[in-house]
Amino acid sequence: MTDAASKGAALAAPVEPVLAPGRRSRITPEREAELYEAVLDLLREVGYDALTMDAVAARTRSSKATLYRQWGGKAELVAKAVRHNKPGGFADEVVDTGSLRGDLHALTLRSDDCEMEQNSALMRGLAMAVHGNPDLLRAFREHLIEPELAAFRRVLQRAIDRGEVRADNPAIEYVMHMMIGGFAARTLIDEQPPTQAFLLSYIDAVVLPALGVTTG
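Residues numbered from 1 in each chain as written. Predicted model: local features only at pLDDT ≥ 70, side-chain atom pairs only at ≥ 80, totals over all residues. Heavy atoms only, no water.

### Examining unusual backbone geometry
The following threshold applies: A run of H or I in DSSP becomes a helix once it reaches four residues, and a run of E becomes a strand once it reaches two; helices and strands are each numbered from the N terminus. For every residue, the accessible area (1.4 Å probe, protein chains only) is compared with the maximum for its type, and the residue is labelled buried under 20%, exposed over 50%, or partly exposed between those bounds.
With phi around 55°, Arg 61 is a residue other than glycine that occupies positive phi space. In this structure, Arg 61 sits in the loop between helix 3 (53-60) and helix 4 (64-71). Take Arg 61: its relative accessible area is 80%, and that puts it in the exposed class. You will see that Glu 191, though not glycine, has its phi angle at about 55°, which is positive. As for its position among the elements, Glu 191 is in the loop between helix 9 (175-190) and helix 10 (196-210). The exposure class assigned to Glu 191 is exposed, which follows from its relative accessible area of 71%.

Have a look at this one:
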């Protein structure tokens with residue numbers, strides 16, 4: 001190839017924008033949502049270990065360099081995709097119905113039964129990957145677990161401030177464990193996916209009584 005041809009080929013090739021270290025390119029919320037949905041689809045198809053950034057780039061018609069620049073790596077991308085897909089999550093927005101029971105019910109009802117079944121299957125698969133992947137565990141703690149815990153504490157603190165729950169109730173430290181346990185154990189014990197009806201009855205029969213909140 002002549003020097004002129006080489007220069008022409010170089011000019012014709014797509015060039016990624018160069019950013020300073022630590023800076024990320026901007027993408028629209030709509031495009032971000034599309035990317036997250038594609039990531040979740042791939043997770044359901046092949047699982048975390050077999051998922052690659054090359055596959056995500058091909059599925060979303062993105063460059064791999066852009067994906068790494070925006071998310072840093074697979075673990076962060078997956079954690080943020082799961083976070084984005086949790087409409088029933090406590091960290092999404094403030095919910096204040098005036099009572100702890102109302103808050104927990106309102107948050108539960110934000111995910112329909114179909115979404116709960118999909119999320120349950122997805123989380124079962126990711127639970128195995130988290131135990132064997134320190135990067136994924138760190139990403140989950142940063143982008144999913146810690147924000148959920150912080151928002152959950154705010155919900156409980158409002159209940160304490162209203163006088164619904166005693167500040168020294170030992171069950172306060174285990175409410176998140178109870179909620180996750182009920183969601184996860186539904187399939188393991190009953191061989192059925194979690195549903196709104198099941199979780200609402202679980203909240204009333206287990207979580208609220210442990211906190212000393214009457215439901216009658």
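### Comments concerning the environment of Leu 200
What counts here: Contacts were defined at the residue level, with two residues in contact if any of their heavy atoms lie within 4.5 Å.
Structurally, the position occupied by Leu 200 is in helix 10. Along the sequence, Leu 200 and Ala 106 sit 94 residues apart, while their C-alpha atoms lie 9.6 Å from each other. With sequence-adjacent residues up to four places away left out, Leu 200 is seen in contact with His 105, Thr 108 and Leu 109.

### Things to note about the packing of aromatic side chains
Which entries qualify depends on this criterion: The criterion for an aromatic pair is that two Phe, Tyr or Trp rings (for Trp, the six-membered ring) have centres within 6.5 Å, with stacked assigned to planes under 30 degrees apart, edge-to-face to planes over 60 apart and tilted to the rest. Whether a charge sits over a ring depends on NZ of Lys or CZ of Arg being within 6 Å of the ring centre and within 35 degrees of the ring normal.
A full pass over the atoms with the stated rule returns two aromatic pairs. Their ring planes at 65° and their centres at 5.8 Å tell us that Tyr 36 and Trp 71 sit as a pair that is edge-to-face. Taken together, the residues Tyr 36 in helix 2 (residues 29-46) and Trp 71 in helix 4 connect sequence positions 35 residues apart. Across the pair, Trp 71 and Tyr 36 agree in class, each one buried. Above the plane of the ring of Tyr 48 lies Lys 74, whose end atom (NZ or CZ) is 4.2 Å from the centre.

### Some points on the pattern of salt bridges
Basically, it comes down to this: For this analysis, a salt bridge means a side-chain nitrogen from Lys or Arg found within 4 Å of a carboxyl oxygen belonging to Asp or Glu.
The tally for this structure, following the rule as stated, stands at 16 salt bridges. When the shortest N-O distance is used, the salt bridge between Arg 59 and Glu 45 registers 3.0 Å. Of this pair, Arg 59 sits in helix 3 while Glu 45 is found in helix 2, placing the two residues 14 residues apart along the sequence. Given a relative accessible area of 51%, Glu 45 falls into the exposed group. Residue Arg 162 pairs with Asp 96 through a salt bridge whose shortest N-O separation is 3.5 Å. Taken together, the residues span a long stretch of sequence, with Arg 162 in the loop between helix 8 (134-161) and helix 9 and Asp 96 in the loop between helix 5 (74-84) and helix 6 (100-108) at a distance of 66 residues. Residue classification places Arg 162 among the partly exposed residues on the basis of a relative accessible area of 32%. Via salt bridges that share partners, Asp 96, Asp 103, Arg 158, Arg 162 and Glu 164 belong to a single interconnected network.

### Quick notes on helix 2
Heads up, the rule is: Helix span, expected: 1.5 Å multiplied by one less than the number of residues in the helix.
Under the 1.5 Å per step criterion, the end-to-end length of helix 2 is 26 Å for 18 residues, consistent within 8% with the ideal 26 Å. Burial in helix 2 covers these residues: Leu 35, Tyr 36, Ala 38, Val 39, Leu 40, Leu 42 and Leu 43. For helix 2, the elements touching its buried residues are helix 3, helix 4, helix 5 and helix 7 (113-131).

### With respect to the nonpolar core
Rule in force here: In plain words, nonpolar cores are sets of buried Ala, Val, Leu, Ile, Met, Phe, Trp, Tyr and Cys residues tied together by side-chain atoms within 4.5 Å.
Of all hydrophobic cores here, the largest spans 27 residues; its most connected members are Leu 43, Val 78 and Phe 140. Going through the elements one at a time, helix 2, helix 3, helix 4, helix 5, helix 7 and helix 8 are the ones with two or more residues in this core. In this structure Leu 43 touches Tyr 48, Leu 51, Val 78, Leu 122 and Leu 126, once residues within four positions along its chain are discounted. Formed by 19 residues, the second largest nonpolar core is a distinct cluster that contains Val 175, Met 179, Tyr 202 and Val 213.

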